[in-house]
Amino acid sequence: MPTSQDMTTELDPGLLDALQHQVAVFARRAEQTRLGGTGQLRNSMDRAAYLLLNRLDQEGPMGVKALAAGMGIDSSTVTRQVAPLVDTGLVKRTSHPEDGRAVVLQLSPRGLARLEEVRSSRRQLMVEVTEGWTPDERESFCTLLTRFNTALSARQSAHTGGPATESAATPAPAPTAPSGTASTTEGPAEGSSESAQTS
């Protein structure tokens, strides 16, 4: 069975260098802009909050352990990140529907409204950044970026023995939106476990 070193030797070194360079540039620019959106909502919600709210919206109420496992981070990190969201009324703690002794986290109506505002702003950013792209190009980029994030997540999980991170748990992108709109799928800077722990 060929080793990863053998595979690296067989592939075009120049192409691999160009790929890693573009990934590094993307990571830097994503950090600089934080892919936060446009207008007054630009950078108005940090990545940790966005990922937590988005997860609760997609998966429904859940406990801290389940939320942490789904995002590939530890429970103490989730507890720390959730606290300000509860304080500001974006997330509420409620009793588990099947076990009144257990507490679950739930997106509040205010949290959902706030999340939709931020999503709308970020969609507009994707429209502006991919202006001139065809719907097929947007879909192909989203598919490949999702695949890249999933591979990074699987590699990290294999090396650390931890759970899969957010990018690996994210479903495949939906069909391409009509021309003039863009997918809301997050890139590596949003989907990685490391980024999710950054407030």
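An account of the accompanying structure is given in this report. (Residues numbered from 1 in each chain as written. Predicted model: local features only at pLDDT ≥ 70, side-chain atom pairs only at ≥ 80, totals over all residues. Heavy atoms only, no water.)

Section: the overall build of the chain
Line of reasoning, step 1. Summing up its helical and strand segments, the chain has 10 helices and 2 strands in all.
Line of reasoning, step 2. When the elements of the chain are put in sequence order from the N terminus, they spell out α-α-α-α-α-β-β-α-α-α-α-α.
Line of reasoning, step 3. The buried share of the chain, taken over its 199 residues, is 33%.
Line of reasoning, step 4. Residue pairs in contact within the chain that sit at least 24 positions apart in sequence constitute 64% of those at least 6 positions apart.
Line of reasoning, step 5. For the chain, the exposed area adds up to about 11800 Å²; of that, 55% sits on carbon and sulfur atoms. (Helix = DSSP H or I, 4+ residues; strand = E, 2+ residues; numbered from the N terminus. Buried < 20%, exposed > 50% of the residue type's maximum accessible area, 1.4 Å probe, protein only. Contact = heavy atoms within 4.5 Å. Areas by Shrake-Rupley, 256 points an atom, 1.4 Å probe, with all protein chains shown as cover.)

Quick word on the packing of aromatic side chains
Line of reasoning, step 1. This structure, assessed with the given rule, holds 1 aromatic pair.
Line of reasoning, step 2. Seen in terms of ring centroids, W133 and F141 are 5.4 Å apart; in terms of plane orientation they differ by 90°. Their pairing is edge-to-face.
Line of reasoning, step 3. By relative accessible area, which is 31% here, W133 ends up partly exposed.
Line of reasoning, step 4. F141 gets classed as partly exposed once you look at its relative accessible area, which sits at 42%.
Line of reasoning, step 5. Taking the ring centre of Y50 as reference, the NZ or CZ of R122 above it sits at 4.0 Å. (Phe/Tyr/Trp six-rings, centres within 6.5 Å; stacked < 30°, edge-to-face > 60°. Lys NZ or Arg CZ within 6 Å of the ring centre and 35° of its normal.)

Quick notes on the pattern of salt bridges
Line of reasoning, step 1. Under the definition given, this model contains 3 salt bridges.
Line of reasoning, step 2. Residues R114 and E117 are paired through a salt bridge, measuring 3.3 Å at the closest nitrogen-oxygen approach. Taken together, the residues R114 and E117, both in helix α6 (residues 109-129) and 3 residues apart, mark about one turn of the helix.
Line of reasoning, step 3. Note that R119 and E116 form a salt bridge whose closest N and O atoms lie 2.9 Å from each other. Of this pair, R119 and E116 both sit in helix α6, separated by 3 residues, roughly a single helical turn.
Line of reasoning, step 4. What you see here is one network of salt bridges that share partners, running through D57, E116 and R119. (Salt bridge = Lys/Arg side-chain N within 4 Å of Asp/Glu carboxyl O.)

Considering the nonpolar core
Line of reasoning, step 1. Membership of the largest hydrophobic core comes to 21 residues, with the highest contact counts inside it found for L52, L53, L56, L67, V78 and L85.
Line of reasoning, step 2. Contributions of two or more residues to this core are made by α3 (47-59), α4 (64-71), α5 (75-87), β2 (103-107) and α6.
Line of reasoning, step 3. Here this core takes 6 residues from α3, the largest share from any one element.
Line of reasoning, step 4. Every residue in contact with V78, bar those within four places of it in the chain, is listed here: L52, V64, L67, A68 and I73. (Core = buried A, V, L, I, M, F, W, Y, C linked by side-chain atoms within 4.5 Å.)

Notes on the packing of α3 against α6
Line of reasoning, step 1. Following both chains from N to C, one finds α3 and α6 inclined at 115°, their axes separated by 10 Å at the closest point. The orientation of α3 relative to α6 falls into the category roughly perpendicular. The handedness of the crossing between α3 and α6 comes out as left-handed. Between α3 and α6, the contacting residues are Y50, L53, N54 and D57 on the first element and L112, L115, V118, R119 and R122 on the second.
Line of reasoning, step 2. Here the contact of α3 with α6 is composed, by residue class, of 5 nonpolar, 1 polar and 3 charged. (Axes fitted to C-alpha atoms, helices over the stretch in contact; angles between N-to-C directions. Parallel < 35°, antiparallel > 145°, perpendicular 65-115°, else oblique. Left-handed = near helix turned anticlockwise from the far one by under 90°. Nonpolar A, V, L, I, M, F, W, Y, C, P; charged D, E, K, R; others polar.)

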